[in-house]
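Coordinate inspection notes
Each chain, letter by letter, is given below.
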Amino acid sequence: MKAFQRETGLAAPLDRANVDTDQIIPKQFLKSIKRTGFGDNLFDAWRFLDEGDIGLTPNERRLNHRFVLNQPRYQEAGVLLARRNFGCGSSREHAVWALLEYGFFAVIAPSFADIFFENCFKNGLLPIRLDEAVVDDLFERAQGDGGLELTIDLETLQIQLPDGGEIAFEVPPGNRRKLLEGLDDIGLTLAQADRIRTFEASYYQRHPWLKRGAGADEETAP
Amino acid sequence: MPTLYDKIWADHLIGEREDGQSLLYIDLQLLHEVTSPQAFAGLGEAGRVLWRKEANLATPDHNVPTDNRAAGIDGIADPVAREQVVALDDNCRRHGVRQFGMLDPRQGIVHVMGPEQGATQPGMTIVCGDSHTSTHGAFGALAQGIGTSEVEHVMATQCLAQSKARNMAVQVNGELPAGVYAKDLALALIGSIGTAGATGHTIEYQGEAVRGLSMEGRMTLCNLSIEAGARAGLVAVDDTTLDYLKGRPLAPSGSEWQAAESHWQALVSDADAEFDSTVNLDAVALTPQVTWGTSPEMVAGIEEATPNPCRAADPTEADGVERALAYMGLAADQPIADIRLDRVFIGSCTNARLEDLRVAARIVAGKRVAASVKQALVVPGSGLVKQAAEAEGLADTFTAAGFEWRAPGCSMCLAMNPDKLLPGEHCASTSNRNFEGRQGHRGRTHLVSPAMAAAAAVAGRFVDVRDWL
Ligand code: SF4
């Protein structure tokens, strides 16, 4: 995973609450068996007027010019400003892959759904929770003339505003370190392999009926 | 003193990782074709192997077509969908993972298949790359939906790295009235606390109405926990749980059953357990629920009407109501009973078990699907549900009434397969999400119980099923 220390980018305001992962990346694109190729279909049903499918490129589609991300001023945006409960619904990690591939490195919202929030950190996308009033203010600035460029510093946990102002934010400490160093989550756990094995030995002594496992071969069933 | 969640957590806690995350041991991982291929690929690329292959169980469900099934994988017309099902087959073979493939009668929606096989057991930790994994909490198991990176993590380590959630009790007093089901209870709860109401929490459902539910009803209830924002929902173990499990193919038997049973019986929250929050609901006052909008919290009783944005609490809510009404093609203050249906879908991991089909069949027996309804689908949750329903004559009841009787899969719940809505169509659906486009591009979903869906199919619009009993 790519490390995240400090990034600067324009903020795009997506002014609706409860944006679910079905909207972030509609189901027809989940048929891919890869982790890439989702950016072109981020918010597909909102960005385009026609129904998309795997294999169609944006050039072949009818753009919805009224959708915020299609406005010329928000091209190249790196930060997505969102409303409460962003990322609710399906657990699809494809939503995070699509946001990253489109070019976002952070999402700022008053609240996030749990699974989406965790999925972000597994992939190097930074979700930032801020008070609703602060988010309201950022929306106003991002929608105002000239837009809003933000520098997000994960090291100091500060967002720098163009007028020199700063907003402090918090990130769960474990996730912060993982992102800062671009650590491999599985590697971190496998460093504890001995501990897991010791646990397993006592666990199956306490729960002998679980030892065989639901996925044990039928052929070897007693 | 500990809650049920606290107990299961403590029983599986290995310790803390150096970054402060807790390592939780995972008993069972369910796999399907949509969220596993990237995880298998990641595992291979890193040169890792499955930590404990017998802790994994797979079946294809999201993409499989619900007709022309005898042809197996070759019967999947969409080449991209077929590639995913083939990939699941290949991955399972290569990694030695047990799979109930497309032609196996045990194939079905993962959350129907697991409990039906007895793979889901009390006190377990269960994960699946699917948010409705919360279903399995009905057994007093800690069951959570996870992302694909976490799927890979569990494959490689048999652990989940996470922080503990808070405890929420949902206390449902009194008994559910006739014609009001677990689905209505869940929708009413989401309507009252909102889709983010339980974010960061594990819900434990308690009270007389919950105790009175069958396992099927408890699964419906726990299934919808995620729509209230909770990753997991739980119901404590009781005789209903044990009776359901006894004799299932993967449940323990003989002396192992005795050992398991004595462990399971302790899987209840202590009498003085402390919850971070408690929600009280009165079952007696509940009515059949229908969602009118594009989020499960946008729900009303059958005797009510759509809301009016003028009465919203704040501008964000007013905006949401307005947008949802426009998308759904409904007016403010429009009676729910005025909504006409183009299609009806009885299926999904929420409501496609035998009990659900029985309830729906009872409503439609001897009646006909309204001429104005273009299609009414019944999609059993698994091959075994299908067999049982056919043996009982339910399939005949449905087809005689004009329903299509299909093969098991997710079907129109998410429209990743050929079953979908056309733009603008209204669907009475027993599934769990009414998000924009969920059942097809620009389709309009109304979530209801199987009884309400069945009655709506016959009437061509929403009616109060309590008048039909
Ligand atoms: S039936 Fe629907 S909600 Fe359930 S697993 Fe399938 S797609 Fe997901």
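Residues numbered from 1 in each chain as written. Chains lettered and ligands numbered in written order. Predicted model: local features only at pLDDT ≥ 70, side-chain atom pairs only at ≥ 80, totals over all residues. Heavy atoms only, no water.

1. Overview of the site of the ligand
Residue and element names in this part refer to chain B. Put simply, the test is: Consider each residue's heavy atoms; a residue with any of them within 4 Å of a molecule or strand counts as near. The way it works is a 1 Å grid over only the protein atoms, where trapped points that fit a 1.4 Å probe form a cavity and open points with protein on both sides within 12 Å along at least five of seven lines form a pocket, and then any residue with an atom within 4 Å of a point lines it. Each molecule is checked against the cavity or pocket grid, and it sits inside if more than half of its atoms lie within 2 Å of the grid points. Note on residue classes: Ala, Val, Leu, Ile, Met, Phe, Trp, Tyr, Cys and Pro are nonpolar, Asp, Glu, Lys and Arg are charged, and everything else, Gly too, is polar. Where a domain begins and ends is set by an automatic assignment or by a domain database.
In the vicinity of the ligand, the contacting residues are H62, I109, H111, D130, H132, S348, C349, C410, C413, L414, N432 and R438. The cavity that encloses the ligand is the largest cavity. Residues of the shell around the ligand, tallied by class, amount to five nonpolar, five polar and two charged. Two domains share the shell around the ligand, each providing at least three of its residues, namely domain 1 (13-162) and domain 3 (289-468).

2. A short note on unusual backbone geometry
Our working rule: Under the DSSP-based scheme used, a helix requires at least four consecutive residues in state H or I and a strand at least two consecutive residues in state E, with every element numbered from the N terminus. In this scheme, a residue with accessible area under 20% of its type's maximum is buried, one over 50% is exposed, and one in between is partly exposed, where area comes from a 1.4 Å probe on protein chains only.
You will see that A:E76, though not glycine, has its phi angle at about 70°, which is positive. Take A:E76: it is sitting in the loop between α2 (44-47) and β2 (77-81). Owing to a relative accessible area of 77%, A:E76 belongs among the exposed residues under this scheme. If you check the backbone angles, B:Q158 has positive phi at about 65° while not being a glycine. Within the element layout of this structure, B:Q158 appears in the loop between α5 (148-157) and β8 (159-162). A relative accessible area of 1% means that B:Q158 is categorised as buried.

3. Points about the sheet that holds strand β4 (residues 56-58) of chain B
Residues and elements named next belong to chain B. Filter applied, for reference: A pair of strands is considered paired only if DSSP assigns at least 2 bridges between the two.
The parallel open sheet is built from five strands, whose spatial order is β5-β4-β3-β6-β7. Every interior strand has two partners, whereas the edge strands, β5 (98-99) and β7 (142-145), have only one. The pairing of strand β3 (residues 28-31) with strand β6 (residues 125-128) spans three bridges and is classified as parallel. Among the inter-strand pairings, Q29 is bridged to a residue of β6, identified as V127.

4. Remarks on the interface of chain B and chain A
Put simply, the rule is: Here a residue-residue contact requires only that any non-hydrogen atoms of the pair lie within 4.5 Å. The term buried area refers to how much accessible surface (probe radius 1.4 Å) is lost by two components on association, counted for both of them together. Between Lys or Arg on one side and Asp or Glu on the other, a salt bridge is scored when a side-chain nitrogen of the former is within 4 Å of a carboxyl oxygen of the latter.
Across the boundary between the two partners, chain B contributes 83 residues, which contact 69 residues of chain A. Considering only the surface of chain B that becomes buried against chain A, B:Q38, B:W51 and B:H441 emerge as the three largest contributors, covering 11% of it. At the boundary of chain B and chain A, one finds nine salt bridges. A:R84 is the salt-bridge partner of B:D314, the closest N and O atoms lying 3.3 Å from each other. Looking at the side of chain B that touches chain A, its residues break down into 29 nonpolar, 28 polar and 26 charged.

5. Observations regarding the packing of helix α3 (residues 94-102) of chain A against helix α4 (residues 114-121) of chain A
All names here are of chain A. Definition in use: Only C-alpha atoms enter the line fits that serve as axes; for helices the fit covers just the stretch in contact. Angles between N-to-C directions range over 0 to 180 degrees. For this classification, under 35 degrees means roughly parallel, over 145 means roughly antiparallel, 65 to 115 means roughly perpendicular, and everything else is oblique. Take the far helix as the reference: if the near one is turned anticlockwise from it by less than a right angle, the crossing is left-handed, and if turned clockwise, right-handed.
Running from amino to carboxyl end, α3 crosses α4 at an angle of 50°, the nearest separation of the two axes being 9 Å. When the axes of α3 and α4 are compared, the pair comes out oblique. Considering how the two elements wind past one another, α3 and α4 form a crossing that is right-handed. Judged by residue contacts, A95, V96 and L99 of α3 engage F116, N119 and C120 from α4. Class assignment of the residues belonging to the contact of α3 with α4 gives a composition of five nonpolar, one polar and no charged.

6. Side note on the pattern of salt bridges
Under the defined criterion, the tally for this structure stands at 44 salt bridges over all chains. Taking the shortest distance from any N to any O, the salt bridge between B:D270 and B:K7 comes out at 2.8 Å. On the criterion of sequence distance, the pair formed by B:D270 in the loop between α10 (254-264) and β12 (277-282) and B:K7 in helix α1 (residues 4-12) is long-range, its members being 263 residues apart. A salt bridge links B:R311 to B:D333; the shortest N-O distance between them is 2.9 Å. In this pair, B:R311 sits in the loop between β14 (299-301) and α11 (315-328) while B:D333 sits in the loop between α11 and β15 (343-346), placing the two residues 22 residues apart along the sequence. Taking relative accessible area as the criterion, B:R311 reaches 58% and is therefore assigned exposed. The network of salt bridges with common partners includes A:K122, A:K178, A:D185, B:R17 and B:D19.

7. Quick notes on the domain arrangement of chain B
Residues and elements named next belong to chain B. Spelled out, the test is: Whenever a nitrogen or oxygen atom comes within 3.5 Å of another N or O atom, the pair is scored as a polar contact, on the condition that within protein one atom can donate a hydrogen and the other can accept it, and that pairs from neighbouring residues in sequence are kept only if both atoms are in side chains.
Its domain assignment divides chain B into domain 1 (13-162), domain 2 (166-285) and domain 3 (289-468). Taken together, the contacts link 27 residues of domain 1 with 25 residues of domain 2. Across the domain 1 to domain 2 interface the summed buried area is about 2100 Å²; carbon plus sulfur atoms make up 61%. Ranking the residues of domain 1 by area buried against domain 2 places P122, A138 and F139 at the top, with a combined share of 25%. For the pair domain 1 and domain 2, the number of links is one salt bridge. The salt bridge involving R231 is made with E150; its shortest N-O contact spans 3.3 Å. Where domain 1 meets domain 2, there are eleven residue pairs in polar contact (both at pLDDT 80 or more). Broken down by secondary-structure element, the contributors of at least two residues to the side of domain 1 that touches domain 2 are α4 (110-117) and β7. Of the residues forming the side of domain 1 that touches domain 2, the biggest block, four residues, is contributed by β7.

8. What to know about the layout of surface pockets
Applied cut-off: Grid points are joined across faces, edges and corners, and a volume is the space filled by probe spheres set on the points.
Estimates place the volume of the largest pocket at around 870 Å³. Along the walls of the largest pocket sit 43 residues, with A:N18, B:E297, B:M298, B:E317 and B:V321 positioned nearest its centre. Elements supplying a minimum of two residues to the lining of the largest pocket: α6 (182-193), β14 and α11 of chain B. The greatest single-element share of the lining of the largest pocket, amounting to seven residues, is contributed by α11(B). Classifying every residue of the lining of the largest pocket by side-chain character gives 16 nonpolar, 16 polar and eleven charged.

9. Points about the packing of aromatic side chains
Note the following rule: To pair, rings of Phe, Tyr and Trp, with the six-membered ring standing in for Trp, must have centres within 6.5 Å; the planes then decide the type, stacked if under 30 degrees apart, edge-to-face if over 60, and tilted in the middle.
Tallied over the entire structure, the rule returns 22 aromatic pairs over all chains. With a centroid separation of 5.4 Å and an interplanar angle of 55°, the aromatic rings of A:Y203 and B:Y25 are classed as tilted. With one member in each of two chains, A:Y203 in helix α8 (residues 193-206) and B:Y25 in strand β2 (residues 22-25) form a pair that bridges those chains. The exposure classification of A:Y203 matches that of B:Y25, with both residues buried. Between the aromatic rings of A:Y204 and B:Y25, the centroid separation amounts to 6.2 Å while the plane-to-plane angle is 80°, which identifies the pairing as edge-to-face. Remark: B:Y25 occurs in strand β2 and A:Y204 occurs in helix α8; the pair is interchain, linking two chains. Take B:Y25: its relative accessible area is 0%, and that puts it in the buried class. One aromatic cluster is present, formed by A:F86, A:F112, A:F116, A:F117 and A:F121 through successive ring pairs.

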